[in-house]
Amino acid sequence: MAPSTVICIGMAGSGKTTFMQRLNSHLHSKKTPPYVINLDPAVLKIPFGANIDIRDSVKYKQVIEQYNLGPNGAIVTSLNLFSTKIDQVIKLIEKKGDSVNNVIIDTPGQIECFIWSASGAIITEAFASTFPTVVAYIVDTPRNTSPATFMSNMLYACSILYKTKLPMIVVFNKTDVTDCQFAKDWMSDFEVFQQALKDHENEDEGSGYMNSLINSMSLMLEEFYSQLDVVGVSSYTGDGFDEFMQAVDNKVDEYNEFYKAERERILAKKAEDEQKRKASSLNKLMKDMKIDGDTDVLSDYEDEPDENQGEVLRDEDDVEREYTFPEDRNSEVNEQTDADLQARYQAAFESTAKTASSKTAESIAAYINQSQ
């Protein structure tokens, strides 16, 4: 059975790395040690043992010096370099598949460097296409007692959900400092959130406009809240991690039932479209070779009936056109191509080779004589 993968994402200071350490310890205490991956190239020390550490293959300071980059640019570049070897990482985890139940991944604190970069998308897609993958969005509970800050965090979580298209768990961290029940109430009851908004109305200038905007956003996010599992944990005391692992199991089931099926449907549709494209290309080739037996060569200066009245149309409006290299075009007729099309192609080629060459030469000679 493929191990479940938890990608830990959170704002800087949300306690994400401490959460990773506590989760690692919790799984060890359950006699199910996880496979741990660190993807933060800028961290000086990590409080847990990592099976794969990006710092072993990419030197963050050297990236800054060599490419003359700032901190965020160096993180993105380091992730870009690491993502070129992601296939090797996947193979290493697959070899451990029989002995590992969970893979946990720590990401950079600069959340946008991972989520909105091409390398972050490559890494996420690589895991999601191989293992049941869940996103754990870590929220700093004490900093989200203000409705405006809470709404900003939820909007960011919503954008991550639609960017990754993976099951998500919202983890309210640091519950030993501030209980997260208020946040759960805000997410489940719109009127409670409205009342909290009124209570904070006089704290900021221009709050009338802000309150109206936040009210509208909370209504919009109601459907988003319904798709989430919400868990409160304390990375300091270890409270709530049994509940978190139960939420992971629920999301793995959701991944297998919905997300995996959707991914397989998309891949099957892509393969079907590719097969249709190859068949369509072969049909056009046979049409150009005049498989209907009419082998007369049409001069460049002869008029054809113009059904489109001069308008240039694409070959197929519903098929995405792709640039192909010569080697790709040579491989369009292969063992996967329909046998009937191959037979038609062969017959057309043989008949054209016998009859078309002389007529082609005669037409070219006639054209040269006319032009002289």
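Thresholds, definitions, all that
Residues numbered from 1 in each chain as written. Predicted model: local features only at pLDDT ≥ 70, side-chain atom pairs only at ≥ 80, totals over all residues. Heavy atoms only, no water. Salt bridge = Lys/Arg side-chain N within 4 Å of Asp/Glu carboxyl O. Buried < 20%, exposed > 50% of the residue type's maximum accessible area, 1.4 Å probe, protein only. Helix = DSSP H or I, 4+ residues; strand = E, 2+ residues; numbered from the N terminus. Pairing = 2+ DSSP bridges. Contact = heavy atoms within 4.5 Å. Axes fitted to C-alpha atoms, helices over the stretch in contact; angles between N-to-C directions. Right-handed = clockwise from strand over helix to strand, strands pointing away. pLDDT = per-residue confidence, 0-100. Phe/Tyr/Trp six-rings, centres within 6.5 Å; stacked < 30°, edge-to-face > 60°. Core = buried A, V, L, I, M, F, W, Y, C linked by side-chain atoms within 4.5 Å. Parallel < 35°, antiparallel > 145°, perpendicular 65-115°, else oblique. Nonpolar A, V, L, I, M, F, W, Y, C, P; charged D, E, K, R; others polar. Expected span 1.5 Å × (residues − 1). Left-handed = near helix turned anticlockwise from the far one by under 90°. Lys, Arg positive; Asp, Glu negative; His and termini not counted. Polar contact = N/O pair within 3.5 Å; in protein donor to acceptor, adjacent residues only side chain to side chain.

On inspection of all chains with the given rule, the structure shows ten salt bridges. Residues R143 and D140 are paired through a salt bridge, measuring 3.2 Å at the closest nitrogen-oxygen approach. Residue D140 is classed as buried on the basis of its relative accessible area of 7%. For K251, the salt bridge is made with D229, and the minimal N-O distance between the two is 3.8 Å. Separated by 22 residues along the polypeptide, K251 in helix 12 (residues 241-288) and D229 in strand 7 (residues 229-232) bring together distant segments of the chain. A cluster of three or more residues bridged by salt bridges with shared partners is formed by D140, R143 and K174.

Looking now at the sheet that holds strand 7. Across a sheet, strands are paired by hydrogen bonds formed along the backbone, either parallel or antiparallel in direction. If you trace the seven strands from one edge of the open sheet to the other, you get 3-2-4-1-5-6-7, paired in parallel fashion. Of all strands in the sheet, those with a lone pairing partner are strand 3 (52-53) and strand 7, marking the two edges. When strand 1 (residues 4-10) meets strand 5 (residues 133-140), the two strands line up parallel, connected through six bridges. The partner of G10 across the bridge, within strand 5, is I138. Contacting strand 1, strand 2 (35-38), strand 4 (102-106), strand 5 and strand 6 (168-173), helix 1 (residues 16-29) runs over the sheet at an angle of about 160° to strand 4.

A few words on the pairing of strand 6. Most of strand 6 sits inside the fold, with six of its six residues counted as buried. The side-chain alternation of strand 6 yields two buried faces, one formed by M168, V170 and F172 and the other by I169, V171 and N173. The sheet contact formed by strand 5 and strand 6 spans six bridges and is parallel. By the bridge assignment, I138 is partnered in strand 6 with V171. This β-α-β element, strand 5 to helix 7 (residues 147-164) to strand 6, shows right-handed connectivity. Summarising the sheet, strand 6 and strand 7 pair through four bridges and their orientation is parallel. Looking at the pairing, V171 lines up with V231 of strand 7.

So, about the confidence of the model for the chain. Per-residue pLDDT for the chain averages 81, and the proportion of residues at 70 or more is 76%. Counting interchain partners and residues more than four positions distant, the pLDDT-below-50 stretch residues 293-304 has twelve contacts. Below a pLDDT of 50 lies the segment residues 309-333, which in the model reaches 16 contacts outside its immediate sequence neighbourhood of four places, other chains included.

What follows is about the packing of aromatic side chains. Within this structure, the stated rule accounts for eight aromatic pairs. Centre to centre, the rings of F150 and W186 are 5.2 Å apart; their planes meet at 75°, and the pair counts as edge-to-face. Pair noted here: F150 is in helix 7 and W186 is in helix 8 (residues 181-188), with a separation of 36 residues, a long-range link. With a relative accessible area of 0%, F150 lands in the buried category.

Moving on: the nonpolar core. Ranked by internal contacts, the top residues of the largest apolar core, which has 58 residues, are I37, F127 and M168. With sequence-adjacent residues up to four places away left out, M168 is seen in contact with V135, Y137, A157, I160, L161, F224, L228, D229 and K251. Counting residues in hydrophobic clusters, the runner-up holds 23 residues, among them M20, I46, A136 and M245.

So, on to the packing of helix 2 (residues 60-67) against helix 3 (residues 71-83). For any two helices packed against each other, one specifies the inter-axial angle together with the distance between the axes. Interhelical geometry of helix 2 versus helix 3 gives an angle of 110° and a closest axis separation of 9 Å. Put simply, helix 2 runs roughly perpendicular to helix 3. Where helix 2 abuts helix 3, its residues Y60, V63, I64 and Y67 lie against P71, A74, I75, T77, S78 and L81. Here the residues of the contact of helix 2 with helix 3 are counted per class, giving eight nonpolar, two polar and no charged.

Between the first and last C-alpha of helix 3 there are 18 Å, a value that for 13 residues agrees with the 18 Å anticipated at 1.5 Å per step. Among the residues of helix 3, A74, I75, T77, S78, L79, F82 and S83 are the ones counted as buried. Close packing links the buried residues of helix 3 with strand 3, helix 2, helix 4 (86-95), helix 5 (111-115) and helix 6 (118-128).

Orientation of helix 8 relative to helix 9 (residues 190-199), taken along the N-to-C sense of each, is 115°, at an axis distance of 5 Å. As helix 8 packs across helix 9, the resulting crossing turns out to be left-handed. Two secondary-structure elements touch here, helix 8 through D185, W186 and S188 and helix 9 through F190, V192, F193 and A196. Its residues placed into classes, the contact of helix 8 with helix 9 shows five nonpolar, one polar and one charged.

Turning our attention to the side chain of D40. Checked against the element boundaries, D40 lands in the loop between strand 2 and strand 3. Buried and without a salt bridge, D40 has K16 as its closest oppositely charged side chain, separated by 5.4 Å. Engagement of the side chain of D40 in a polar contact is seen with the backbone nitrogen of A42, the distance being 3.1 Å.

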